[in-house]
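Coordinates in review
One-letter residues, chain by chain:
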Amino acid sequence: MAYPIFKIIKRPIFWILFLALFLRLGGIAYGFPLFLVKDEPALIYGALKMAELKTLVPALHQDEFKKVLYYPPGPSYFYLIGLAPFVGIHYLLSGLPPFTDYKNTLAVDPGFIWLIGRVFNAFFGIANIFLVYLLARKLFQSEKAGLFAALFLAVSFYHLQLSQVVRHWMPAALLIYAVWFLSAKIAAGEGGSKIYAAIGILLGVSVGGINTASVVGLVPFMLAHFFRPATTPFWKKIVDRKFIFSILLFALISLIFVALYPYGFTRAEGASGPSVDVVQRLSGLADKSILGLIEFVWFYTKLLLRYETILFVFALLGAAFLFFKRNPRWVLGGALFVVLYLALLYSFFNPIPRGLIFILPLFAVFAGHTADVLWNKLVALAILQYSAVLKYLITALFVILFFGWQSVTDFRYDWLIFQPDTRLEASAWVARHILEGEKILADSQYLRIPNTKEGIKNLERIDSGALRAADYARLRFSDELYPKPAYHFLNLHFVSRDSQERKISDAEFFRKQGFRYFIVEYDYFDRRDLDPRSAALVRQSRLVARFDNGAGQKFETATDAGGEIATISLADLFRIQRLGKFVEIYEL
């Protein structure tokens, strides 16, 4: 048994995947016990809500699920299955308490569930890297091309970020590149019924994660099927049984996901259902233009040039090598894939750095080909045939030159994400400097301060919709088990704008109610995103503590590790000392 394991360890791909996993596990605990990554709670809370309501059909309890899940339900089904054994083990290790007590404890501190969810996502990223290795090796019939492609993606800055948080982009990318790999097998004449069926299933399941994934995933499949080496007439390929069966599987699984949770396909933008959502999105196309698309593409080009320079340049070179020296089919297919994807993203969404996750693996494949070509030219130099030392030296320089700097950037990011976020520092400051039970006012999206029962009841009086599951759970805790230190905490961010407290901009109003401190959290240095009423309260208060990136200079926006650092330069990445939004604590 040890011999096969030893053979695996000797393979270079093992060490590339090990490096990738090491980098991705470096930051998975970021932000705990706070939940600082936007959209992350939705996918896991969707799974927990299924367990709570004992249902696999969110559509039967749509009003309940609307409160927590605003995405298609595919990833939530995975986390429901994947997390269940770990929750069971945690329950056993907790001493088998009454289920109600355990549920309350879990509502207040579910951090271990998020941690496991992030580990799952890290392994999705590793699987994506392995698929890229297989794809490049298959397309170019070269082990080194596969290894270089895997290494490019292993140290990719944006791939690293999206591998460390629970978001649906990485699982969707994994599904799409599984389709790419299977399509490459079809193109090579290896496409049997099982491969066609697998592609239909993968595309259908991708609809349950990100709708766009299934559309662009059709590109490699269609190209491989209709242009595979065969003497079959084109029209017969259209009525091919395997092809029709694959498309039917894709359509059936897609419809099942829509039926299971229609609201998830509206992306919570006010539409009453998928059909209405489609109409609203199509009507938005009137505002789109060719110039707008060019600006959209330039946005992503700048991101790639900023943090993925070598990968981007090598990908372009690899595409050029293939186009002029070999069969250009996959180059044209890749270009169609990228253009269609960016066009869809521009037409129906907005420019976001995490959108790169669908095209980075493809770029890594082409970049791997470039590195393979350059490497073969290097080792062919006559001088290297006479000096083993020189050969090893050239090898080291080659790896350092093309992968070293990116690795340094990755480790710097991991160091930053390992540091306490500004909101964690603010929370720790409160615990050290403010007496337990004091009344604290806040306007903060992510910062949480343990609330007293009196504070929770006061919040319920003001706006019952502002309460969270943790608040209801705390009300059921006995005084002996109540989390400490706790404060009378009123977070205006979650209070309805129709409530009296949300309309007040006079600090004296809150002083008379006994509030002594006011905490604000914002994105822009000039506080332009802060609610005007909160800004007015700030002007009437005295600053006692401030938490920022620690670089001692004015950044226009906060650098927040929501899975996609992109707003700062590479130099600034090495200048800042911590991540997080601007947080200020005032004395009213």
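The following paragraphs examine the structure supplied in this document.

Turning to empty space enclosed by the protein, a few remarks are in order. A complete count under the given rule lists 1 cavity of 30 Å³ or more for this structure. Empty space within the largest cavity amounts to approximately 40 Å³. Around the largest cavity sit Phe152, Val155, Glu308, Ile310, Leu311, Phe402 and Gln406, which together line it. Those elements giving two or more residues to the lining of the largest cavity turn out to be helix H17 (309–325) and helix H20 (388–418).

The next subject is the side chain of serine 163. Relative to the assigned elements, serine 163 resides in helix H9 (residues 157–163). Within the structure, serine 163 has its side chain in polar contact with the side chain of arginine 24 (distance 3.2 Å). Once residues within four sequence positions are removed from consideration, serine 163 is found in contact with Arg24, Arg118, Asn121, Ala122, Gly125 and Met170.

Turning our attention to the nonpolar core. The biggest cluster of nonpolar side chains holds 164 residues, and the ones touching the most others in it are Tyr79, Trp169, Phe221, Phe337, Phe358, Val430 and Ile585. Apart from the residues lying within four places of it in its own chain, the contact partners of tyrosine 79 are Leu43, Ile44, Ala47, Ala84, Gly117, Phe120, Asn121, Phe124 and Val166. Leu467, Ala507, Val520 and Val538 belong to the second-largest nonpolar core, a separate cluster that totals 27 residues.

Right, let's get into the pairing of strand E1 (residues 439–443). Burial analysis of E1 places 4 of its 5 residues in the buried class, the great majority of the element. Summarising the sheet, E1 and strand E2 (residues 488–491) pair through 4 bridges and their orientation is parallel. Paired with leucine 441 across the strands is leucine 490, a residue of E2. Taken together, the 5 bridges between E1 and strand E3 (residues 515–522) define a ladder with parallel strand orientation. Its bridge partner lying in E3, aspartate 443 is registered against valine 520.

The subject of this paragraph is the sheet that holds E2. With mixed pairing, the 5 strands of this open sheet are ordered in space as E2-E1-E3-E5-E4. The open sheet has two edge strands with one neighbour each: E2 and strand E4 (542–547). Geometrically, the sheet is characterised by an average inter-axis angle of 20° between neighbouring strands, direction not taken into account.

Taken as a whole, helix H26 (residues 532–539) has its buried residues at Ser534, Ala535, Ala536, Leu537 and Val538. On the buried face of H26, the contacting elements are E1, helix H24 (500–503), helix H25 (507–512), E3 and strand E5 (582–587). Of the residues flanking the start of H26, the one acting as N-cap is aspartate 531, its side-chain oxygen 2.8 Å from the backbone nitrogen of arginine 533.

Relative orientation of the contacting elements helix H10 (residues 169–187) and helix H11 (residues 193–207) amounts to 160°, with a least axis distance of 9 Å. One way to sum up the angle between H10 and H11 is to call them roughly antiparallel. Considering how the two elements wind past one another, H10 and H11 form a crossing that is left-handed. Along its contact with H10, which presents Leu175, Ile176, Ala178, Val179, Leu182, Ser183, Lys185 and Ile186, the element H11 presents Ile195, Tyr196, Ala198, Ile199, Leu202, Leu203, Val205 and Ser206. Taken together, the residues of the contact of H10 with H11 break down into 13 nonpolar, 2 polar and 1 charged.

Criteria and thresholds
- Residues numbered from 1 in each chain as written.
- Predicted model: local features only at pLDDT ≥ 70, side-chain atom pairs only at ≥ 80, totals over all residues.
- Heavy atoms only, no water.
- 1 Å grid on protein atoms, 1.4 Å probe; cavity = no way out; pocket = protein on both sides within 12 Å on 5 of 7 lines; lining within 4 Å.
- Points joined across faces, edges and corners; volume = space filled by probe spheres on them.
- Helix = DSSP H or I, 4+ residues; strand = E, 2+ residues; numbered from the N terminus.
- Polar contact = N/O pair within 3.5 Å; in protein donor to acceptor, adjacent residues only side chain to side chain.
- Contact = heavy atoms within 4.5 Å.
- Core = buried A, V, L, I, M, F, W, Y, C linked by side-chain atoms within 4.5 Å.
- Buried < 20%, exposed > 50% of the residue type's maximum accessible area, 1.4 Å probe, protein only.
- Pairing = 2+ DSSP bridges.
- Axes fitted to C-alpha atoms, helices over the stretch in contact; angles between N-to-C directions.
- Parallel < 35°, antiparallel > 145°, perpendicular 65-115°, else oblique.
- Left-handed = near helix turned anticlockwise from the far one by under 90°.
- Nonpolar A, V, L, I, M, F, W, Y, C, P; charged D, E, K, R; others polar.

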